[in-house]
Structures are given as C-alpha cells and as structure tokens.
Amino acid sequence: QVQLVESGGGLVQAGGSLRLSCVASGRTFSSYAMGWFRQAPGKEREFVASINWHSGRTTYGESVKGRFTISRDYLKNTVYLQMNSLKPEDTAVYYCATSAVVDYSGSYLQGALYKYWGQGTQVTVSS
C-alpha cells in the first residue's frame, strides 16, 4: 500500500510559475518510477512528466517540454514538478502516481503502468 499526497496547486497568472510536491508513504520499495498527469474538464488524462526513481531519468510530454521540470528527493520519497511559463492551457487537476511495473522503454508514458495515484491538486492559470 502506497499513499500519495500532492500539494502546491493554486491560481497563477499566465507566464508565472508554480511548484507541485508529492510525498509518498507506505510500501514504496517496489516503485520504479513517479509520474505527473493532468486532466482538464472535458478532456482525457494527459501525461506530463515521469522520473525513474532510481536512475533519475526524466521524460516529458510535448506540451510541457522546456517549461516544466520533474525532480525527486530520494531520501524523502518526494517528487516535484516545477512549472514555469505557465499558460491558460495548463489549467487542470494534476495527479502524481507511482509505478510498480517496469517500463522497459524507460519513459513511463502509459497511465496503466501506475498503480497508486494521489488525490490531485488544482492548477488554474489565468489570462
């Protein structure tokens, strides 16, 4: 059993920055990667970023590449998402998740790879 708690969401103006945090607790030994996904009203869930828990390898969705940065604190079981140059299109509920299945591509793009999900945190970007 793994519990994930996100924080750091809120309202920000276009062009601004925000940092999301996700703390994992419980049985985390089997986690291979942590990821961030987002979902806006009326839209499907979208991959944002992932990080290999042990190697630190990162992967980003095309819509956020160059603007967002995912990182982790290995000892604190915490993953972060630094979001810069925010756009109104980034408005969504952001979820962190952990994968207990190895993705041999190393990218962890598929939501089905992730077993545990946080409750989500709302990010709203005003124009």
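Bear in mind the structure is a predicted one, so any value in this text is a computation, not a measurement.

S.K.: How would you sum up the overall build of the protein? Please name residues and give values.
M.R.: The secondary structure content of the protein amounts to 0 helices and 11 strands. Taken from the N to the C terminus, the helices and strands of the protein come in the order β-β-β-β-β-β-β-β-β-β-β. Here the protein has a C-alpha radius of gyration of 14 Å; the compact-globule value for 127 residues is 14 Å, and the two agree. Considering only C-alpha atoms, the protein reaches an extent of 40 × 25 × 25 Å along its principal axes. Among the 127 residues that make up the protein, the fraction classed as buried is 46%. Within the protein, residue pairs in contact and separated by at least 24 positions form 57% of the contacts whose partners lie at least 6 positions apart. Total accessible area on the protein stands at roughly 6,700 Å², and carbon and sulfur atoms take up 50% of it.

S.K.: Residue-level account of the packing of aromatic side chains, with values.
M.R.: Going through the model one piece at a time under the given rule, you end up with 5 aromatic pairs. When the centroid spacing of 5.1 Å and the interplanar angle of 55° are considered together, the rings of F37 and W117 count as tilted. Here the residue F37 occupies a position in strand 4 (residues 33–39), and W117 occupies one in strand 10 (residues 114–117), the gap between them amounting to 80 residues. Judged by its relative accessible area of 28%, W117 is partly exposed. Among the aromatic residues, those joined into a ring-pair cluster are F37, F47, Y114 and W117.

S.K.: Account for the pairing of strand 4, naming residues and giving values.
M.R.: Most of strand 4 sits inside the fold, with 6 of its 7 residues counted as buried. Summarising the sheet, strand 4 and strand 5 (residues 46–52) pair through 6 bridges and their orientation is antiparallel. Within strand 5, the residue paired with A33 across the bridge is N52. Hairpin connection of strand 4 to strand 5: 6 residues between the antiparallel strands, including G42 at a positive phi of 80°. As defined by bridge partners, strand 4 adjoins strand 9 (residues 92–99) across 7 bridges and the pair is classed as antiparallel. Its bridge partner lying in strand 9, M34 is registered against T98.

Cut-offs and rules
Residues numbered from 1 in each chain as written. Predicted model: local features only at pLDDT ≥ 70, side-chain atom pairs only at ≥ 80, totals over all residues. Heavy atoms only, no water. Helix = DSSP H or I, 4+ residues; strand = E, 2+ residues; numbered from the N terminus. Rg over C-alpha atoms; globule rule 2.2 N^0.38 Å. Buried < 20%, exposed > 50% of the residue type's maximum accessible area, 1.4 Å probe, protein only. Contact = heavy atoms within 4.5 Å. Areas by Shrake-Rupley, 256 points an atom, 1.4 Å probe, with all protein chains shown as cover. Phe/Tyr/Trp six-rings, centres within 6.5 Å; stacked < 30°, edge-to-face > 60°. Pairing = 2+ DSSP bridges.

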